[in-house]
Amino acid sequence: HYLVNGYQQYVEQINDRESEPDFIKRILNIYTFYGRYCEKTGVDFIAKYYSTQNKALCRRDLAYQDAKDSEYNSIIVQTAYDLRRAKQDGQLKNEVDPASSAADLCTMVKGIIFEWALNEGNLPLEKTMNSILGTYLIGLSSNLYRQNILKYDD
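Here goes a summary of the coordinates provided. Keep in mind that what you see is a predicted model, and the values were worked out from it rather than measured. (Residues numbered from 1 in each chain as written. Predicted model: local features only at pLDDT ≥ 70, side-chain atom pairs only at ≥ 80, totals over all residues. Heavy atoms only, no water.)

1. A word on the overall build of the chain
So, point 1. Along its length, the chain carries seven helices and zero strands.
So, point 2. Burial analysis of the chain (154 residues in total) assigns 46% to the buried set.
So, point 3. Contacts spanning at least 24 positions in sequence make up 69% of the contacts within the chain whose residues lie at least 6 apart.
So, point 4. As presented, the chain carries roughly 8600 Å² of accessible surface, and 49% of it is formed by carbon and sulfur atoms. (Helix = DSSP H or I, 4+ residues; strand = E, 2+ residues; numbered from the N terminus. Buried < 20%, exposed > 50% of the residue type's maximum accessible area, 1.4 Å probe, protein only. Contact = heavy atoms within 4.5 Å. Areas by Shrake-Rupley, 256 points an atom, 1.4 Å probe, with all protein chains shown as cover.)

In structure tokens:
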């Protein structure tokens, strides 16, 4: 399975992901890797893979699984885990549902990848992903996160 293979490559290449205190950086890093994986795979394959006929892409339900209990290791499961951890640490607003937000992020990424494929790879994938996903994630973040972790570069 293409997505599982991409996630496995990610896991093999990361060092100490858990030590990164910024949940937004952790999540953006995994999706940046996935974007690079798509670019490396090529627009022709991705354009065929990202089809309404491909039901392997319809896995929002995975966001509601516990990463430790899931046999299906994937980006969405890892994202939901990161968001649950961020919520426990007080880095997300109280009303944020980590699983639902992880599923939404997955939907956004599919749209970004689809747009990239529609543009024959002429969309800056990493920049677009970081912009859209980063804006969404900052919107989910708590005041505690913004005061203690989020640092703006001058």
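Here the narrative resumes, following the displayed structure.
2. Let's talk about the nonpolar core
So, point 1. Of all hydrophobic cores here, the largest spans 37 residues; its most connected members are Phe 23, Tyr 31, Ile 113 and Leu 137.
So, point 2. Broken down by secondary-structure element, the contributors of at least two residues to this core are helix H2 (23-41), helix H3 (43-49), helix H4 (75-88), helix H5 (98-118) and helix H6 (125-140).
So, point 3. The biggest single contributor to this core is H2, with nine residues.
So, point 4. When residues no more than four places from it in sequence are discounted, the contact partners of Ile 113 are Tyr 34, Cys 38, Ile 46, Tyr 50, Leu 125 and Met 129. (Core = buried A, V, L, I, M, F, W, Y, C linked by side-chain atoms within 4.5 Å.)

3. A look at the pattern of salt bridges
So, point 1. Within this structure, the stated rule accounts for two salt bridges.
So, point 2. Between Asp 82 and Arg 26 there is a salt bridge, with its nearest N and O atoms 3.5 Å apart. Residue Asp 82 is found in helix H4, and its partner Arg 26 is found in helix H2; the two are separated by 56 residues along the sequence. The same class applies to Asp 82 and to Arg 26, which are both buried.
So, point 3. Linking Arg 36 and Glu 126 is a salt bridge whose minimum nitrogen-to-oxygen distance equals 3.0 Å. Placement of Arg 36 in helix H2 and of Glu 126 in helix H6 is noted, with a sequence separation of 90 residues between them.
So, point 4. Its relative accessible area of 46% is what places Arg 36 among the partly exposed residues. (Salt bridge = Lys/Arg side-chain N within 4 Å of Asp/Glu carboxyl O.)

4. Here we look at H4
Quick reminder: α-helices carry 3.6 residues per turn. Residues three or four places apart thus point the same way.
So, point 1. With 14 residues, H4 ought to run about 20 Å at 1.5 Å a step, and its terminal C-alpha atoms sit 20 Å apart, in line with that.
So, point 2. Taking burial as the measure, the 14 residues of H4 include ten buried ones, the bulk of the element.
So, point 3. Of the residues making up H4, those classed as buried are Ile 75, Ile 76, Val 77, Gln 78, Thr 79, Ala 80, Asp 82, Leu 83, Arg 85 and Ala 86. (Expected span 1.5 Å × (residues − 1).)

5. Remarks on the packing of H5 against H6
So, point 1. Packing of H5 against H6 brings their axes to within 10 Å, and their N-to-C directions diverge by 160 degrees. Viewed along their axes, H5 and H6 adopt a mutual orientation that is roughly antiparallel. In this structure, the crossing between H5 and H6 has a hand that is right-handed. Across the interface between the two elements, Ser 101, Asp 104, Leu 105, Met 108, Val 109, Ile 112, Ile 113 and Trp 116 of H5 pack against Leu 125, Thr 128, Met 129, Ile 132, Leu 133, Tyr 136, Leu 137 and Leu 140 of H6. (Axes fitted to C-alpha atoms, helices over the stretch in contact; angles between N-to-C directions. Parallel < 35°, antiparallel > 145°, perpendicular 65-115°, else oblique. Left-handed = near helix turned anticlockwise from the far one by under 90°.)

6. Observations concerning H2
So, point 1. In this model H2 runs 27 Å from its N-terminal to its C-terminal C-alpha over 19 residues, within 8% of the 27 Å that 1.5 Å per residue would give.
So, point 2. The N-capping residue of H2, defined by a side-chain oxygen 2.9 Å from the backbone nitrogen of Ile 24, is Asp 22.
So, point 3. Phi turns positive one or two residues past the end of H2, at Gly 42, with a value near 110 degrees. (Polar contact = N/O pair within 3.5 Å; in protein donor to acceptor, adjacent residues only side chain to side chain.)

7. Things to note about the environment of Ser 51
So, point 1. Within the secondary structure layout, Ser 51 lies in the loop between H3 and H4.
So, point 2. Along the sequence, Ser 51 and Phe 114 sit 63 residues apart, while their C-alpha atoms lie 8.8 Å from each other.

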